[in-house]
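If you want the building blocks of each chain, they are given just below.
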Amino acid sequence: MNAPVYNFAYLDEQTKRMIRRAILKAVAIPGYQVPFASREMPMPYGWGTGGVQVTASILGPDDVLKVIDQGSDDTTNAVSIRNFFIKTAGVRTTTSTGEATVIQTRHRIPEAALGEHQILVFQVPIPEPLRFLEPRETETRRMHALADYGLMHVKLYEDIARHGHIATTYAYPVKVDSRYVMDPSPTPKFDNPKMSNCAALQLFGAGREKRVYAIPPHTGVESLDFEDHPFERYRLDGTCAFCGANDSFLDEVITDDRGGRMFVCSDTDYCETRRSQSGAAETMAEASVPR
Amino acid sequence: MYVAAKGGEKAIENAHRLLAHERRGDPSVPELSLEQIMGQLRLAVDRVMCEGSLYDRELAALAIKQACGDLIEAIFLLRAFRATLLRFGASEPLDTGEMAVRRRISAAFKDLPGGQVLGPTFDYTHRLLDPTLQGAGASEPECAEPIGAMPRVTDILAAEGLIEPSPRTRPDDRVGDLTQDPLNFPADRDLRLQNLARGDEGFLLALGYSTQRGYGRTHPFAGEIRLGEVEVEFVPQELGFSVPLGEITVTECQMINQFRGSATEPPRFTRGYGLAFGHSERKSMAMALVDRALRARELGEEVKAPAQDEEFVLSHADNVQATGFVEHLKLPHHVDFQAELGLLRRLRSEFEQERAGASSLQEAAE
Amino acid sequence: MTDTLQEEPLLIAEGLSKSYGRQLGCRDVSFELYEGEVMAVVGESGSGKTTLLNLLSTQIAPTAGRVLYRMRDGVTRDLAALGEAERRLLARTDWGFVHQDPAMGLRMGVSAGANVGERLMAVGWRHYGRIRGSATNWLHRVEIDPARIDDMPVTYSGGMRQRLQVARNLVTQPRLILMDEPTGGLDVSVQARLLDLLRGLTADLKLSVVLVTHDLAVARLLSHRITVMRQGEVIEAGLTDRVLDDPQEPYTQLLVASILPP
């Protein structure tokens, strides 16, 4: 029987080259979805294969890797992906945002500002922001080519007409470098402003849909809105029960079956850093309840 | 008191150990061997090879054992392995005309050169559960001699010009490769057939069925279904001539469909084609039905039915992709859910406020 | 005819022909359409009138012949030579297409306001209040109660849907409208109301219209000129009143004789 021998970070060099070429093209055309021949990976499609392929293509032996899911290093899928890279690349891993050179993330952007030496890799399920308005790929490709984004605004108009607000709370569409409309992946809209003029390179990988796209460092990113209904950066009103932060995105944790709940930072590294800085590991702040 | 949970790592480890335990089952029962799976569950092995897109009976059997019989999980294992293999080129096209035929039937003709050879088929069995299979020691297997080459029905029709020629390929044209290039629409027939060949049997079966029930009717006749062994040949660059690599078993289905003519061409029957690894009749027949339906565009037919919708069919045929995405819903989504909860709560409070405002206005008016 | 007749025609068909294999769609159709003119193309089913409309709107390509259009900058261009981006922009701003079945020309799943506002958003309007204001205005003009701006077209009657389709097309003030049996499938009284509305709007806005219909009464009410087609060929063409009151060709005479006197 053929016993497999794996290359550094699993992918063979040919594949890495192909993906890097796609990445370079993506960086050259900010926000544009570059098709690439996604490989079958040892984890299922929809579970981060795009992000994993991007990370595997850019990882070098001296890199320090952080993997988060829902903002935390310890959620099951983040653990699984981190172990995958430990097994196939042997790179150093960390939970510290500041220490990492490559951060692979699902559904959150870290609270701490990123630097020029860092790359943020997003896992993307559906790369096409127009997909749910127009299911045909042939049509959406044309819309992007012709910058024909009226339909996107129709959706926002409908939301306001129906709910009084734009009803998109995550995967909120953005315009990159004043040209391409892009789906930032299912990050909460709270994270949208972080993408604009970010010092780090942001790469987006969609394995099942076979697309990669990018926001080069220091690129303008605007969330779509109307002049009289500007983009709102929604955040649940409250402070973290562990570290007292009032500026981070909070997770709601159900503590009992009588409606008891508390709120904690979604970004676990941010939270732990704050706690160790203030030495407040033992004290529990009274969690404020949202109005 | 709630403490930030750690231990995702340990949880995964334990889950894997439990899985291995359940895979083995009762230790007093003999463990399944790969030979048993290859020999006595051969049709499962065939399906896994076909949709896993890799011809290797032993590996497919291993995948089935590792997946505890979940065939789509096994297909996934095989595909993931395939992705690590080095490719050194493409074979010559298989010559199914030279197949060592073990089974060959045609619904289009009562009899034909080579005859109707039933071979090992479930077709005319009565579907009654057979209790004699409960124990070991069933009947002595009979050895079926392969019949040898026999002419293709479609070639017989083509000789009279009654069926469209198999679409001409320019020999220098590169055949598209789904695993190397991303799928773009509109897709040519080579990529469509590749997509269908590795597509989910259930999905294609349903689509093929739908065409028979009127959703994109193509008036199919089973021109020929043949099962047997064919040689795989390869031309190494260094040699410049073809060398045989070995034999594989394939099932081929040629459907004869609704005739078509044009201003310059007399009417002819049209084709639908299906090919699968191993003994996979259902798959090859369904594939042929869907292949023909997808040719609607190039044959100038109105595209109305799901089976004719290229983007719909080709985007959803791959069960590895499908199961990945469907099952990914099990992953944590609480951040996005939190965002939705926030909006919902806000909308509800606005609703209450409006209602309170409206009723207080009403009170004021009274 | 309007007083503000431009010298150059707005739309020119030159020897337009379309065949599908051995089947003829239409053959050798030529005409010139000026600003503010309404031209009816009449014929029974199979006459080729719908094929002609699809050729004019560039939905299909001709087997022979050309369609020329005078752009807003005054230059007359062959539509086949336009890039796709240009053609799409024209379709969204300068042209309108009113389908027989309003569901084909509307987004049934979004509100009336969004339907009317879409073209504005497509050309860059970004102020919700102003978009909504313009949509309200147009609903009013097509005699739809503006209070229904947030309702979906599925809740509208057939006549209302058709009027909504008209509003959706007119919001960017196009110069050319193509209409395919706009009154088809509507009750007689509803038809009359729609025809009245169309007559008023085309005159007020100085629209050029190519109107395909099998109904001579509609042609008489709305059009200045009429082209009669049969089995893909143009049988007779001229001023509407002249053709309908004094038809020259036997087929035209047959058609005219078969309509009930008003």
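Conventions we followed
- Residues numbered from 1 in each chain as written.
- Chains lettered and ligands numbered in written order.
- Predicted model: local features only at pLDDT ≥ 70, side-chain atom pairs only at ≥ 80, totals over all residues.
- Helix = DSSP H or I, 4+ residues; strand = E, 2+ residues; numbered from the N terminus.
- Buried ≥ 20, exposed ≤ 12 C-beta atoms within 10 Å, placed from the backbone.
- Contact = placed C-beta atoms within 7 Å.
- Rg over C-alpha atoms; globule rule 2.2 N^0.38 Å.
- Core = buried A, V, L, I, M, F, W, Y, C linked by C-beta atoms within 7 Å.
- Pairing = 2+ DSSP bridges.
- Axes fitted to C-alpha atoms, helices over the stretch in contact; angles between N-to-C directions.
- Nonpolar A, V, L, I, M, F, W, Y, C, P; charged D, E, K, R; others polar.
- Parallel < 35°, antiparallel > 145°, perpendicular 65-115°, else oblique.
- Left-handed = near helix turned anticlockwise from the far one by under 90°.
- pLDDT = per-residue confidence, 0-100.
- Expected span 1.5 Å × (residues − 1).

A. A look at the overall build of chain C. When its secondary structure is counted, chain C shows ten helices and ten strands. In terms of its C-alpha atoms, chain C occupies a principal-axis envelope of roughly 55 × 45 × 40 Å. Looking at chain C residue by residue over its 262 residues, the buried ones come to 44%. Contacts spanning at least 24 positions in sequence make up 66% of the contacts within chain C whose residues lie at least 6 apart.

B. Local environment of the overall build of chain B. In terms of regular secondary structure, chain B is built from twelve helices and four strands. Radius of gyration (C-alpha) of chain B: 27 Å, far over the 21 Å computed for a compact globule of 366 residues. Of the contacts made within chain B by residues no fewer than 6 positions apart, 65% connect residues no fewer than 24 positions apart.

C. Geometry of the nonpolar core. With 77 residues, the main nonpolar core has C:Leu139, C:Ala167, C:Val210 and C:Leu211 as its most contacted residues. A total of six residues in this core trace back to one element, the largest contributor, which is helix H4 (residues 112–122) of chain C. Once residues within four sequence positions are removed from consideration, C:Leu139 is found in contact with C:Ala112, C:Val116, C:Ile144, C:Pro146, C:Ile149 and C:Ala167. If you look at the next biggest cluster of nonpolar residues, it comprises 55 residues, including A:Ile19, A:Val34, A:Val102 and A:Val174.

D. Looking closely at the sheet that holds strand S3 (residues 92–93) of chain A. Residues and elements named next belong to chain A. Across the sheet, which stays open at both edges, the seven strands sit in the order S1-S9-S8-S5-S4-S2-S3 with mixed pairing between neighbours. Strand pairing shows two members of the sheet lacking a second neighbour, strand S1 (34–35) and S3, which therefore form its edges. Looking at chain direction, strand S5 (residues 119–123) and strand S8 (residues 201–206) are connected through five bridges and run parallel. Bridging across to S8, glutamine 123 finds its partner in glycine 205. Each of S1, S8 and strand S9 (211–215) touches helix H1 (residues 13–28); the most contacted strand, S9, lies at about 45 degrees to it. In this fold helix H2 (residues 49–58) packs onto strand S4 (102–106), S5, S8 and S9, with an angle of close to 155 degrees to the strand it touches most, S5.

E. Spatial organisation of the interface of chain A and chain B. Across the contact, 48 residues belong to chain A and 42 residues belong to chain B. Listing elements by their share of the side of chain A that touches chain B, those giving two or more residues are helix H3 (76–89), helix H4 (137–145), strand S11 (250–254) and strand S12 (261–265) of chain A. In terms of residues, the side of chain A that touches chain B owes the most to one element, H3(A), which gives four residues. Here the residues of the side of chain A that touches chain B are counted per class, giving 22 nonpolar, 15 polar and eleven charged.

F. Expanded view of the sheet that holds strand S2 (residues 23–33) of chain C. All names here are of chain C. Pairing in this open sheet of four strands is antiparallel, and the strands run S2-S1-S4-S5 from one edge to the other. Each edge of the open sheet carries a strand with a single partner, namely S2 and strand S5 (76–78). Neighbour-to-neighbour, the strand axes of this sheet turn through a mean angle of 20 degrees, independent of strand direction. Across five bridges, strand S1 (residues 11–20) lies against strand S4 (residues 64–70) in antiparallel orientation. Directly across from leucine 11, in S4, lies its bridge partner tyrosine 69. Where helix H1 (residues 49–56) meets the sheet, its contacts fall on S1, S2 and S4, and the angle it forms with S1 comes to roughly 120 degrees.

G. Spotlight on the interface of chain A and chain C. Each partner contributes residues to the interface: chain A has 13 residues there, and chain C has 16 residues. Residues belonging to the side of chain A that touches chain C are distributed by class as follows: six nonpolar, three polar and four charged.

H. Spotlight on the packing of helix H5 (residues 71–82) of chain B against helix H11 (residues 319–327) of chain B. All names here are of chain B. Two numbers describe how H5 lies on H11: the axes approach to 10 Å, and their chain directions differ by 110 degrees. Our classification of the angle between H5 and H11 gives roughly perpendicular. Between H5 and H11 the crossing geometry is left-handed. Listed contacts from H11 to Ile72, Ile75, Phe76 and Arg79 of H5 are Asn319, Val320 and Thr323.

I. Structural context of the pairing of strand S2 (residues 221–234) of chain B. Bridge analysis of strand S1 (residues 100–105) of chain B against S2(B) gives five bridges, and the strand direction is antiparallel. Within S2(B), the residue paired with B:Ile105 across the bridge is B:Ile225.

J. Focus on unusual backbone geometry. Residue B:Phe185 is joined to B:Pro186 through a cis peptide bond whose omega torsion reads -5 degrees. The phi angle at A:Ala9 is positive, at roughly 60 degrees, despite the residue not being glycine. Here A:Ala9 lies in the segment before H1. Within the chain, A:Tyr10 stands out as a residue other than glycine whose phi angle is a positive 75 degrees. Residue placement: A:Tyr10 occurs in the segment before H1. Since 22 C-beta atoms lie within 10 Å of it, A:Tyr10 is described here as buried.

K. Examining the confidence of the model for chain B more closely. Averaged over all residues, the pLDDT of chain B equals 89, while 94% of them reach at least 70. Helix H12 (residues 334–365) of chain B is the least confidently modelled element of chain B, averaging 86 in pLDDT, while helix H3 (residues 42–52) of chain B averages 98, the highest of any element.

L. How the structure looks around the confidence of the model for chain C. All names here are of chain C. On average, residues of chain C carry a pLDDT of 90, and 97% of them reach 70 or more. Confidence over residues 1–5 falls short of pLDDT 50; this stretch has eight contacts with residues more than four positions distant or in other chains. With pTM at 0.80, the complex prediction returns an ipTM value of 0.84.

M. Representation of helix H7 (residues 188–205) of chain C within the structure. Residues and elements named next belong to chain C. For H7, which comprises 18 residues, the first-to-last C-alpha distance of 25 Å matches the rise-based estimate of 26 Å (1.5 Å per residue) to within 8%. In this fold, the buried residues of H7 make contact with strand S3 (38–42), helix H6 (158–170), strand S8 (208–213) and helix H8 (216–222). Positioned one or two residues after H7, lysine 206 has a phi angle of 55 degrees, which is positive.

N. Geometry of the pairing of strand S10 (residues 233–239) of chain C. All names here are of chain C. One ladder, built from six bridges, connects strand S9 (residues 225–230) with S10; its direction is antiparallel. The residue of S10 that forms the bridge with isoleucine 226 is glycine 238. The hairpin turn running from S9 into S10, its antiparallel successor, is two residues long, and glutamine 231 in that turn takes a positive phi close to 50 degrees.

O. Spotlight on the packing of H6(C) against H7(C). Residue and element names in this part refer to chain C. Running from N to C, H6 and H7 cross one another at 15 degrees; their axes reach a closest spacing of 10 Å. On the basis of their axis angle, the class for H6 and H7 is roughly parallel. By crossing handedness, the relation of H6 to H7 is classed as right-handed. The segment H6 lies against H7, with Gly158, Gly159, Gln162, Arg163 and Leu170 engaging Val190, Arg193, Leu194, Leu197, Leu201 and Leu205. Residue composition of the contact of H6 with H7, by class: six nonpolar, three polar and two charged.

P. The arrangement of the environment of C:Leu33 in detail. Residues and elements named next belong to chain C. Turning to its location among the elements, leucine 33 is positioned in strand S2. With 74 residues separating them along the chain, leucine 33 and arginine 107 place their C-alpha atoms 30 Å apart. Other than its neighbours up to four places away in sequence, leucine 33 contacts Pro9, Leu10, Leu11, Met39, Ser208 and Val210.

Q. Structural detail: the environment of B:Gly52. Residues and elements named next belong to chain B. You can see glycine 52 is positioned in helix H3. According to the C-beta neighbour criterion, glycine 52 is buried, with 27 such atoms within 10 Å. In this structure, the C-alpha to C-alpha distance between glycine 52 and glycine 274, residues 222 residues apart in sequence, is 16 Å. Aside from chain neighbours lying at most four places away, what touches glycine 52 is Ala60, Ile75, Leu78, Arg79 and Arg82.

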